[in-house]
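Residues per chain, in single letters:
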Amino acid sequence: DNFLVLLDASSTMSENTKSDIQKLALAKDLVKCMNETIPDIAMNGGMRAFGPYHQDKGLIYGITGYTKDGLGNSVLSVVSTGGTTPIGDTIQWARKDLQMTTGKTAVILFSDGMNSMTGDPIAEAAGMKEQYGKDICIYTVLLGADPAGKSNMDGIAKAGECGFATDANALLADNAMTNFVTSVF
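Peer 1: Please explain unusual backbone geometry as it appears in this structure.
Peer 2: With the exception of glycine, the majority of residues adopt a negative phi angle, and the majority of peptide bonds are in the trans configuration. Following Gly62, the chain continues to Ile63 via a peptide bond in cis, the omega torsion being 0 degrees. In this fold, Ile63 is placed in strand β3 (residues 59-65). Even without being glycine, Asp20 reaches a positive phi, approximately 65 degrees. The exposed category is assigned to Asp20, whose relative accessible area is 60%.

This is the structure we're talking about:
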């Protein structure tokens, strides 16, 4: 019924992956590909960016009736990286973003997992799960290969109980995005 993309645009996302592609550029490409792969079904969508975005101004799309143009234009509006990586705080704000929704909800986090703020992102994900119960699943997409980042992203997905963790490389394989979208939506 609903989905919310959490897009990391913090300063660490300016770094390149092993494939020499900027993490933010790759994350945006993956969100755009996901957007094009989502079937034409009626649901609500949203996107929250973090890093250079203030928490209260980070919801750059929705929560509203989902359209490919709406999400696509929001992805294009994220043009730079900067700031810290408040993953825990972002999940806390996402909980507020979703308060008016009803039905099943997918939260999809695109990040390198390099949490640089005090909030515990895994504890916040567990709090989100406790708040929304069986109606919410959390999915994570890891950009980069930092072991601590992977541990955070795996823990966030695990706290969501019904979602899963994956990484950018896995989504670049043939039919992988189709399979991801089928699993999430």
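Peer 1: Help me understand the packing of helix α4 (residues 121-132) against helix α5 (residues 147-159) in this model?
Peer 2: Relative orientation of the contacting elements α4 and α5 amounts to 15 degrees, with a least axis distance of 8 Å. With respect to their mutual orientation, α4 and α5 come out roughly parallel. Judged by the sense of rotation from one axis to the other, the crossing of α4 with α5 is right-handed. Residues Pro121, Ile122, Ala125, Ala126 and Lys129 of α4 pack against Ser151, Asn152, Gly155, Ile156 and Ala159 of α5. Looking at the contact of α4 with α5 residue by residue, the classes come out as six nonpolar, three polar and one charged.

Peer 1: So what exactly am I meant to see when it comes to the state of the cysteines here?
Peer 2: Disulfides are covalent bonds that connect the sulfur atoms of two cysteines. Inspection of every chain in the model, using the stated rule, returns one disulfide. Covalent S-S linkage joins Cys137 and Cys162, the inter-sulfur distance amounting to 1.9 Å. Sign of the S-S torsion, about -115 degrees for the bond between Cys137 and Cys162, identifies this disulfide as left-handed. Taken together, the residues span a long stretch of sequence, with Cys137 in strand β5 (residues 136-142) and Cys162 in the loop between α5 and β6 (165-167) at a distance of 25 residues. Judged by relative accessible area, which is 17%, Cys137 ranks as buried.

Thresholds, definitions, all that
Residues numbered from 1 in each chain as written. Predicted model: local features only at pLDDT ≥ 70, side-chain atom pairs only at ≥ 80, totals over all residues. Heavy atoms only, no water. Helix = DSSP H or I, 4+ residues; strand = E, 2+ residues; numbered from the N terminus. Buried < 20%, exposed > 50% of the residue type's maximum accessible area, 1.4 Å probe, protein only. Axes fitted to C-alpha atoms, helices over the stretch in contact; angles between N-to-C directions. Parallel < 35°, antiparallel > 145°, perpendicular 65-115°, else oblique. Left-handed = near helix turned anticlockwise from the far one by under 90°. Contact = heavy atoms within 4.5 Å. Nonpolar A, V, L, I, M, F, W, Y, C, P; charged D, E, K, R; others polar. Disulfide = S-S within 2.5 Å.

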